[in-house]
Amino acid sequence: MPTASEVSSCLSPDVHYMVCKLGLEEGEKTDIGNIVSPTGIVSWDVITACIVFSETEDRTIDYVKSVRLLGPVCEAVHLNLLSLTPDQFENLYGFWFEWTNNKKLFLEGFYLVTSSEITSVALGLMKLTSCLERALGDVHLLQSKECPFLFRDLLLSEELAQIFGQSVMDVLCVFVGSPKSLNLRNILWHGFASPQEIPLKYFSMLLLLTAGLGQLLQKTLYQTGCTLFHRAPFIFTQLDELLVFPVTNATVTVIYCPGCTLFVQNIYLWNRKTVRIKRKTSACGSRKLYVCIFYTFPH
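Residues numbered from 1 in each chain as written. Predicted model: local features only at pLDDT ≥ 70, side-chain atom pairs only at ≥ 80, totals over all residues. Heavy atoms only, no water.

Engineer: Quick question: what am I supposed to make of the overall build of the protein chain here?
Structural biologist: Assigned secondary structure in the protein chain consists of 12 helices and three strands. With 299 residues in all, the protein chain has 49% of them scored as buried. Pairs at least 24 apart in sequence give 69% of the contacts found in the protein chain among residues at least 6 apart. As presented, the protein chain carries roughly 15,400 Å² of accessible surface, and 54% of it is formed by carbon and sulfur atoms. (Helix = DSSP H or I, 4+ residues; strand = E, 2+ residues; numbered from the N terminus. Buried < 20%, exposed > 50% of the residue type's maximum accessible area, 1.4 Å probe, protein only. Contact = heavy atoms within 4.5 Å. Areas by Shrake-Rupley, 256 points an atom, 1.4 Å probe, with all protein chains shown as cover.)

Engineer: Is there a simple way to think about the packing of aromatic side chains in this case?
Structural biologist: For any pair of aromatic rings, the description rests on two quantities: the centre-to-centre distance and the angle between the ring planes. All chains considered together, the criterion is met by eight aromatic pairs. Measuring from ring centre to ring centre gives 4.7 Å for phenylalanine 89 and phenylalanine 110, while their planes differ by 20°; the resulting arrangement is stacked. A residue pair is termed long-range when its members are at least 10 positions apart, and phenylalanine 89 in helix H4 (residues 86-93) and phenylalanine 110 in helix H5 (residues 103-113) qualify at 21 residues. For the pair phenylalanine 89 and phenylalanine 110, one class covers both residues: buried. Three or more aromatic residues link up through ring pairs in this structure, and these residues are Phe89, Tyr93, Phe97, Phe106, Phe110 and Tyr111. (Phe/Tyr/Trp six-rings, centres within 6.5 Å; stacked < 30°, edge-to-face > 60°.)

Engineer: Could you clarify how one ought to interpret helix H11 (residues 200-224) in this entry?
Structural biologist: Residues spaced three or four apart along an α-helix face the same direction, because each turn holds 3.6 residues. Taking 1.5 Å of rise per residue, the 25 residues of H11 would be expected to cover 36 Å, and the 37 Å separating its terminal C-alpha atoms lies within 8% of that figure. Within H11, 18 of the 25 residues are buried, leaving the element largely enclosed by the surrounding structure. Phi turns positive, to about 75°, at glycine 225, one or two residues after H11. (Expected span 1.5 Å × (residues − 1).)

Engineer: What exactly am I supposed to notice about the packing of helix H3 (residues 63-82) against helix H9 (residues 166-176) here?
Structural biologist: Viewed as axis vectors pointing N to C, H3 and H9 meet at an angle of 95°, and their least axial separation amounts to 11 Å. Here H9 runs roughly perpendicular to H3, going by the angle between their axes. Taken together, the residues of H9 that come into contact with H3 (itself represented by Tyr63, Ser66, Val67, Leu70 and Cys74) are Cys173, Val174 and Phe175. (Axes fitted to C-alpha atoms, helices over the stretch in contact; angles between N-to-C directions. Parallel < 35°, antiparallel > 145°, perpendicular 65-115°, else oblique.)

Engineer: Even after reading the chapter, I still don't get the environment of histidine 16, so can you show me in this structure?
Structural biologist: Residue position: histidine 16 is located in helix H1 (residues 13-20). Residues histidine 16 and alanine 193 lie 177 residues apart in sequence; the distance between their C-alpha atoms is 8.8 Å.

Engineer: How should the pattern of salt bridges be read in this particular structure?
Structural biologist: Side chains that differ in charge, positive against negative, can pair when their charged atoms come close. Considering all chains together, one arrives at five salt bridges under this definition. Here glutamate 133 makes a salt bridge to arginine 185, at a shortest N to O gap of 2.9 Å. One end of the pair, glutamate 133, is in helix H6 (residues 118-140); the other, arginine 185, is in helix H10 (residues 184-189), and 52 residues separate them in sequence. Its relative accessible area of 17% is what places glutamate 133 among the buried residues. Across the pair aspartate 138 and arginine 231 runs a salt bridge whose closest N-O atoms are separated by 2.6 Å. Here aspartate 138 is found in helix H6, whereas its partner arginine 231 is found in the loop between H11 and strand E1 (251-255), with 93 residues between them in sequence. With relative accessibility at 3%, the residue aspartate 138 sits in the buried group. (Salt bridge = Lys/Arg side-chain N within 4 Å of Asp/Glu carboxyl O.)

Engineer: Would you mind going over the layout of surface pockets with me for this structure?
Structural biologist: Unoccupied space between atoms shows up once a probe the size of one water molecule is rolled over them. When its volume is computed, the second largest pocket comes out at roughly 350 Å³. If you go around the second largest pocket, you meet 17 residues; those closest to its centre are Ile61, Tyr63, Ser178, Lys180 and Ser181. At the level of secondary structure, the elements contributing two or more residues to the lining of the second largest pocket comprise H1, H3 and H9. Top contributing element to the lining of the second largest pocket by residue count: H1, with three residues. When its residues are assigned to classes, the lining of the second largest pocket shows nine nonpolar, three polar and five charged. (1 Å grid on protein atoms, 1.4 Å probe; cavity = no way out; pocket = protein on both sides within 12 Å on 5 of 7 lines; lining within 4 Å. Points joined across faces, edges and corners; volume = space filled by probe spheres on them. Nonpolar A, V, L, I, M, F, W, Y, C, P; charged D, E, K, R; others polar.)

Engineer: It is not clear to me how the environment of methionine 126 should be interpreted in this structure. Could you clarify?
Structural biologist: Structurally, the position occupied by methionine 126 is in helix H6. C-alpha of methionine 126 to C-alpha of leucine 188: the two residues are 62 residues apart in sequence and 6.6 Å apart in space.

Engineer: Explain the confidence of the model for the protein chain here, please?
Structural biologist: The predicted model of the protein chain has a mean per-residue pLDDT of 82, with 76% of residues at 70 or higher. Counting contacts from residues 2-7, a segment whose pLDDT is below 50, to residues more than four positions away or on other chains yields seven contacts. Here residues 245-272 is modelled with pLDDT under 50, and outside its nearest four sequence neighbours on either side it reaches 84 contacts, counting other chains as well. (pLDDT = per-residue confidence, 0-100.)

Engineer: I tried to follow H1 on my own but got confused; where do I start?
Structural biologist: What H1 keeps buried is the set His16, Tyr17, Met18, Val19 and Cys20. Where H1 is buried, its residues touch H3, H10 and H11.

Engineer: Please clarify how the packing of H5 against H11 should be interpreted in this entry.
Structural biologist: Any two packed helices are characterised by how steeply their axes cross, that is the angle between the axes, and by the distance between the axes. Between H5 and H11, the shortest axis-to-axis distance is 10 Å and the interhelical angle comes to 155°. Relative to H11, H5 is oriented roughly antiparallel. Judged by the sense of rotation from one axis to the other, the crossing of H5 with H11 is left-handed. Contacts from Phe106, Gly109, Phe110, Leu112 and Val113 in H5 reach Leu200, Phe203, Ser204, Leu207 and Thr210 in H11. For the contact of H5 with H11, a count of residues per class yields seven nonpolar, three polar and no charged. (Left-handed = near helix turned anticlockwise from the far one by under 90°.)

Encoded structure:
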């Protein structure tokens, strides 16, 4: 296991090893034909077979072994997406993104897979995971009246396990669920990871997994006769409502787009490695894509 002195990163040594090295180790190559069909249907059995459990009584997920096995699968998926044209990608997966209520965002993600602009990729992953969380919450409400507040609790819910299957939810937990996992959503949203630290193949894998979830959900909706409804997005209408935090001795920068459906970013620590994300989100805010809220505290 790496030591703190060996890692120049805002990630802890263990997290850096998990995210930046573990899934990139040389391993047996995986045939893309075993993961997804020529028509874009995801073979979940191949993916879920990579999830390893501890030998303890509670049989928790062994995240180290699981990420190591998923590495070649993610690589095969990434290389496959690189071989597609935008039209091919949309024809294969566009319909399966409909359940997210933000098909456009996921189709735009394809362009980021081939992008050399790593900051855009990181920002795209932040938006993708937020949209996925929202969509899974809508699915959860098919069987409940209230959605869990925390994403990790949502992923662990019995409601989603009944709809998608427990093995599928275990896969999602490896990517975005637990602090012991890759935890891609949180390490980006909370400002720990710099853009270059996130392997691009994980972005590609989350695109495929989202499409695969759409395929599973359609089957469930057909069998049960249920209809998926989407909650109305929260829309900011009063700028003053964003400035209610009792912040002292800090610089507050708010870039605001009235009347738009928006993402909110609230990151508390900026450094040389992550400041590019701040600049990129500022640019997005000025283009009226979403709200950006930055708190800059003096040292």
